[in-house]
Amino acid sequence: MTDSILSKAATMEIPINSNGDSRTAEDDSLEQGAQIGGSLDEIVGTLPVAMDLQQVMVSGPNLNETSIVSGGYGGAAEGIIPTSSIKDIRSKSRGITPSQSAASRIANQPGHYPAPSMHHSNSNPSMMSEEATRGVAVEKFDSVKKWSINTYKCTKQMFSERFGRGTKTVDLELEAQIDVLRETKMKYERILRLARELTNHFYNMVQTQQALGDTFADLSQKSPELQDEFGYNAETQRLLCKNGETLLGAINFFVSSINTLVNKTMEDTLMTIKMYENARLEFDAYRTDLEELSVGPRDAAAMMRFEIAQQQYQIQKDKYERLHSDVSIKLKFLEENKVKVMHKQLLLFHNAISAYFAGNQQQLEQTLRQFNVKLKPPGSDKPSWLEEQ
């Protein structure tokens with residue numbers, strides 16, 4: 001019974017309008033409903049087929065794979081509207097493009113994970129480098145700022161002390177020891193300079209004696225009538241030249257020891273003293289700043305500045321006290337070392353000079369052995385043939 005009704009409905013005569021087209025008013029309403037993005041239920045409701053909608057949905061094909069026909073048999077091809085175009089129309093009416101709707105369907109599928117952001121991965125190293133550069137710049141700015149503030153405070157304190165308006169922390173005993181050290185260093189530098197001049201002059205005299213002895217020896221062989229006289233003088237000059245080289249070894253050892261004492265030991269102590277004086281100046285500068293803030297207003301900002309100044313004052317005070325102790329210890333050890341070194345070197349210098357001018361060769365050599373002075377062998381100052389290449 002149902003099949004006969006469906007066959008009659010399918011073979012029902014379709015009227016033709018005045019233009020000869022088989023399109024009906026229902027078909028026109030169907031196209032308009034599809035263009036304005038109407039719902040699928042409204043479009044199906046306009047179909048002229050007299051059947052139950054539930055039966056069509058159950059027995060008919062899948063709605064996603066079907067096309068809606070606006071006319072009967074023999075209709076034009078324009079009357080076929082795919083259901084995908086209806087979905088695209090709906091998407092356009094909602095402001096969504098087909099590509100976006102497809103992407104949203106893929107993203108909503110189970111087991112789908114969104115792709116990582118390439119922009120984030122590419123910009124991450126650049127952001128890290130920018131942050132590192134910014135951090136270095138901030139550190140440099142802070143160091144320059146601290147240096148500028150410290151320099152300003154120390155310069156202000158120095159001018160205040162020069163013009164008698166500022167107070168200065170002074171340790172009278174330590175200052176006296178420092179003045180003695182500087183005066184001693186100047187005198188020892190004079191001794192060192194004179195000893196070097198003596199070494200140069202005596203070296204030239206020894207070279208002259210050696211040349212004179214060689215000349216006497218040559219004339220002794222070429223002058224038979226004066227052979228003995230030239231021979232005696234040649235032997236004397238050679239002996240004096242040998243003793244002079246021994247004395248030069250002692251004087252060079254004396255010069256080397258004085259040079260070490262003046263330009264290394266004393267200079268190291270003076271460098272520590274210079275650091276101590278700079279620390280003293282910084283300490284007085286921050287002490288003056290703290291005293292000025294202590295008599296100022298007592299609001300919140302002033303109290304914060306006072307606390308910061310107190311912290312800086314404590315840091316400078318610790319530094320000043322540490323260097324004060326270092327200077328005291330170094331001055332004490334320097335004095336002990338100076339006495340020990342100079343006692344040995346002055347005794348060596350006296351014994352060597354006395355033995356040389358007394359003509360006592362054995363005593364001169366014994367003096368060098370007593371003070372462990374090793375003489376360079378003759379010709380050791382001359383570079384070897386490998387060094388000359």
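Look up: the structure comes first, before these words.
Residues numbered from 1 in each chain as written. Predicted model: local features only at pLDDT ≥ 70, side-chain atom pairs only at ≥ 80, totals over all residues. Heavy atoms only, no water.

*Asks:* Whenever I open this one, the overall build of the chain confuses me. Can you help?
*Replies:* In terms of helices and strands, the chain carries 12 helices and two strands. For the chain, the succession of helices and strands along the chain, N to C, is α-α-α-α-β-β-α-α-α-α-α-α-α-α. By the burial criterion, 25% of the 389 residues in the chain qualify as buried. Contacts in the chain between residues far apart in sequence, at least 24 positions, make up 75% of those at least 6 positions apart. Entry remark: accessible area of the chain is about 27,700 Å², with carbon and sulfur atoms responsible for 57%. (Helix = DSSP H or I, 4+ residues; strand = E, 2+ residues; numbered from the N terminus. Buried < 20%, exposed > 50% of the residue type's maximum accessible area, 1.4 Å probe, protein only. Contact = heavy atoms within 4.5 Å. Areas by Shrake-Rupley, 256 points an atom, 1.4 Å probe, with all protein chains shown as cover.)

*Asks:* Honestly, the packing of aromatic side chains in this entry has me stumped. Any pointers?
*Replies:* Each aromatic ring pair is characterised by the separation of its centres together with the angle its planes make. For the structure shown, the criterion picks out eight aromatic pairs. Aromatic side chains Phe216 and Phe230 sit 6.0 Å apart centroid to centroid with 35° between the ring planes, which places their arrangement in the tilted category. One end of the pair, Phe216, is in helix H8 (residues 172-222); the other, Phe230, is in helix H9 (residues 227-294), with 14 residues separating them in the sequence. Exposure class is identical for Phe216 and Phe230. Each is buried. (Phe/Tyr/Trp six-rings, centres within 6.5 Å; stacked < 30°, edge-to-face > 60°.)

*Asks:* Would you mind showing me how to read unusual backbone geometry here?
*Replies:* Positive phi outside glycine occurs at Asn372, with the angle close to 55°. For Asn372, the position within the fold is in the loop between helix H11 (361-370) and helix H12 (385-388).

*Asks:* Would you mind going over the nonpolar core with me for this structure?
*Replies:* Nonpolar side chains in soluble globular proteins generally cluster together in the buried interior. Ranked by internal contacts, the top residues of the largest apolar core, which has 42 residues, are Ile178, Leu181, Ile273, Tyr276, Val327 and Leu331. Every element with two or more residues in this core is listed here: H8, H9, helix H10 (300-357) and H11. Among the elements that take part in this core, H9 stands out by supplying 17 residues, more than any other. If near-sequence neighbours (up to four positions away) are discounted, Tyr276 is found in contact with Asp171, Leu174, Glu175, Ile178, Tyr320, Leu323, His324 and Val327. (Core = buried A, V, L, I, M, F, W, Y, C linked by side-chain atoms within 4.5 Å.)

*Asks:* When you look at the pattern of salt bridges in this model, what are you seeing that I'm missing?
*Replies:* Close approach of charged atoms allows side chains of opposite charge to pair. Summed over the entire model, instances satisfying the criterion amount to 11 salt bridges. One salt bridge in this structure joins Asp284 and Arg280, with 2.6 Å as the shortest N-O distance. A residue pair is termed a helical-turn pair when its members lie 3 or 4 positions apart in one helix, as Asp284 and Arg280 do in helix H9 at four residues. The class of Arg280 is buried, set by a relative accessible area of 9%. The partner of Lys338 in a salt bridge is Glu335, and the shortest N-O contact between them spans 3.3 Å. (Salt bridge = Lys/Arg side-chain N within 4 Å of Asp/Glu carboxyl O.)

*Asks:* Explanation requested: the side chain of Ser257 in the structure shown.
*Replies:* Looking at where Ser257 falls in the secondary structure, it is placed in helix H9. A distance of 3.0 Å separates a polar atom in the side chain of Ser257 from the backbone oxygen of Phe253. (Polar contact = N/O pair within 3.5 Å; in protein donor to acceptor, adjacent residues only side chain to side chain.)

*Asks:* Would you mind showing me how to read the packing of H9 against H11 here?
*Replies:* To describe two helices that pack against each other, one gives the angle between their axes and the distance between the axes. At a minimum axis separation of 10 Å, H9 and H11 run at an interaxial angle of 25°. In terms of orientation, H9 lies roughly parallel with respect to H11. Pair H9 / H11 crosses with left-handed handedness. Residue-level inspection shows Leu239, Lys242, Asn243, Thr246, Leu247 and Ala250 of H9 in contact with H11, the latter providing Gln361, Leu364 and Leu368. Partitioned by chemical class, the residues of the contact of H9 with H11 number five nonpolar, three polar and one charged. (Axes fitted to C-alpha atoms, helices over the stretch in contact; angles between N-to-C directions. Parallel < 35°, antiparallel > 145°, perpendicular 65-115°, else oblique. Left-handed = near helix turned anticlockwise from the far one by under 90°. Nonpolar A, V, L, I, M, F, W, Y, C, P; charged D, E, K, R; others polar.)

*Asks:* Hey, could you run me through a nonpolar patch on the surface in this one?
*Replies:* On the surface, a nonpolar cluster with roughly 310 Å² of combined accessible area is contributed by Met158, Phe159 and Phe163. Secondary-structure assignment places Phe159 in helix H7 (residues 118-162). With a relative accessible area of 44%, Phe159 lands in the partly exposed category. (Patch = residues over 30% accessible without salt bridge, like charges linked within 9 Å, V, L, I, M, F, W, Y side chains within 5 Å.)

*Asks:* Any chance you could explain H11 here in plain terms?
*Replies:* Every α-helical turn comprises 3.6 residues, leaving residues that sit three or four positions apart pointing alike. If you check which residues of H11 are buried, you get Leu364, Thr367 and Leu368. The arc enclosing the buried residues of H11, seen along the axis, measures out at 95°, which places them on a common side. Along H11, exposed side chains directed more than 90 degrees from the buried face belong to Gln362, Gln366, Arg369 and Gln370. Its buried side turned inward, H11 meets H9 and H10. Taking the backbone nitrogen of Gln362 as reference, a side-chain oxygen 3.4 Å away marks Asn360 as the first, capping residue of H11. Where H11 terminates, the next one or two residues include Asn372, which has phi positive at roughly 55°. (Arc of directions from axis to C-beta.)

*Asks:* So what exactly am I meant to see when it comes to the environment of Lys338 here?
*Replies:* Mapped onto the secondary structure, Lys338 falls in helix H10. The class for Lys338 is buried, based on a relative accessible area of 14%. As for Lys338 and Leu261, which are separated by 77 residues in sequence, their C-alpha atoms are 7.2 Å apart. Setting aside residues up to four positions removed in sequence, Lys338 forms contacts with Thr184, Tyr188, Leu261 and Met266.

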